[in-house]
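These are the residues of each chain, in order.
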Amino acid sequence: MNQQCIFNQDFKMNEAENAISCSCLHQGLRRQIFIVMPDGWQLDAWLAQVVEDGFFWEEEIEQAVAKEQFEEDGSIRLIGAA
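Residues numbered from 1 in each chain as written. Predicted model: local features only at pLDDT ≥ 70, side-chain atom pairs only at ≥ 80, totals over all residues. Heavy atoms only, no water.

1. Some details on the overall build of the chain
- Tallying secondary structure elements over the chain gives two helices and five strands in all.
- The order of α-helices and β-strands along the chain, N terminus first, is β-β-β-β-α-α-β.
- A globule of 82 residues ought to have a C-alpha radius of gyration of about 12 Å, and the chain, at 12 Å, matches this closely.
- Relative to its 82 residues, the chain shows a buried fraction of 39%.
- Within the chain, counting contacts between residues at least 6 apart in sequence, those at least 24 apart form 41% of the total.
- Distance between charge centroids for the chain: 7 Å, based on 5 positive and 15 negative side chains. (Helix = DSSP H or I, 4+ residues; strand = E, 2+ residues; numbered from the N terminus. Rg over C-alpha atoms; globule rule 2.2 N^0.38 Å. Buried < 20%, exposed > 50% of the residue type's maximum accessible area, 1.4 Å probe, protein only. Contact = heavy atoms within 4.5 Å. Lys, Arg positive; Asp, Glu negative; His and termini not counted. Charge placed at Lys NZ, Arg CZ, Asp CG, Glu CD.)

Structure below.
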């Protein structure tokens, strides 16, 4: 298997970040991912949509890791689209 990340499938609402959060393992580190909710969505509906589109988000996360788009705390923030 040639995966950069191992996904934990632990999608959950994160009201403080106005995002859906999940985690993955990358080079032995647990990375926190935030998928920021676009305007006009309710957080529970956004959670359902992100889970449904899980493979898409995994690819987006892998691309962000490959480009080393890490925040200072090691997390990754992706902007969701409606």
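2. Some words on the nonpolar core
- Counting 19 residues, the largest nonpolar core has Phe-11, Ile-20, Ile-33, Ile-35, Trp-46, Val-50 and Ile-61 as its most contacted members.
- In this structure Val-50 touches Phe-11, Ile-20, Ile-35 and Trp-57, once residues within four positions along its chain are discounted. (Core = buried A, V, L, I, M, F, W, Y, C linked by side-chain atoms within 4.5 Å.)

3. A look at the pattern of salt bridges
- Counting across every chain of the model gives two salt bridges.
- Of the charged contacts, one joins Asp-10 and Arg-30 as a salt bridge, the two residues approaching to 3.7 Å between their closest N and O atoms. Residue Asp-10 is located in the loop between strand S1 (6–7) and strand S2 (12–14), and its partner Arg-30 is located in strand S4 (residues 29–36); the two are separated by 20 residues in the primary sequence.
- A salt bridge links Glu-17 to Arg-77; the shortest N-O distance between them is 3.3 Å. Note that Glu-17 is positioned in the loop between S2 and strand S3 (19–26) and Arg-77 in strand S5 (residues 76–79), a separation of 60 residues in sequence. (Salt bridge = Lys/Arg side-chain N within 4 Å of Asp/Glu carboxyl O.)

4. Remarks on the side chain of Ser-21
- With respect to the helices, strands and loops of the structure, Ser-21 is situated in strand S3.
- A residue is classified by how much of its surface remains accessible, and Ser-21, at 2% relative accessible area, is buried.
- With sequence-adjacent residues up to four places away left out, Ser-21 is seen in contact with Asp-10, Phe-11, Lys-12, Asn-14, Gln-32, Ile-33 and Phe-34.

5. Brief notes about the confidence of the model for the chain
- Taken as a whole, the chain shows an average pLDDT of 91; of its residues, 95% reach a score of 70 or greater.
- Put simply, S1 is where the chain has its lowest mean pLDDT, 92, and S2 is where it has its highest, 96. (pLDDT = per-residue confidence, 0-100.)

6. Looking at the pairing of S4
- As paired elements, S3 and S4 share eight bridges and run antiparallel to each other. Bridged to His-26 within S4 is Leu-29.
- Where S4 lies against S5, four bridges are found, and the strand directions are parallel. If you follow Ile-33 over to S5, its bridge partner there is Ile-76. (Pairing = 2+ DSSP bridges.)

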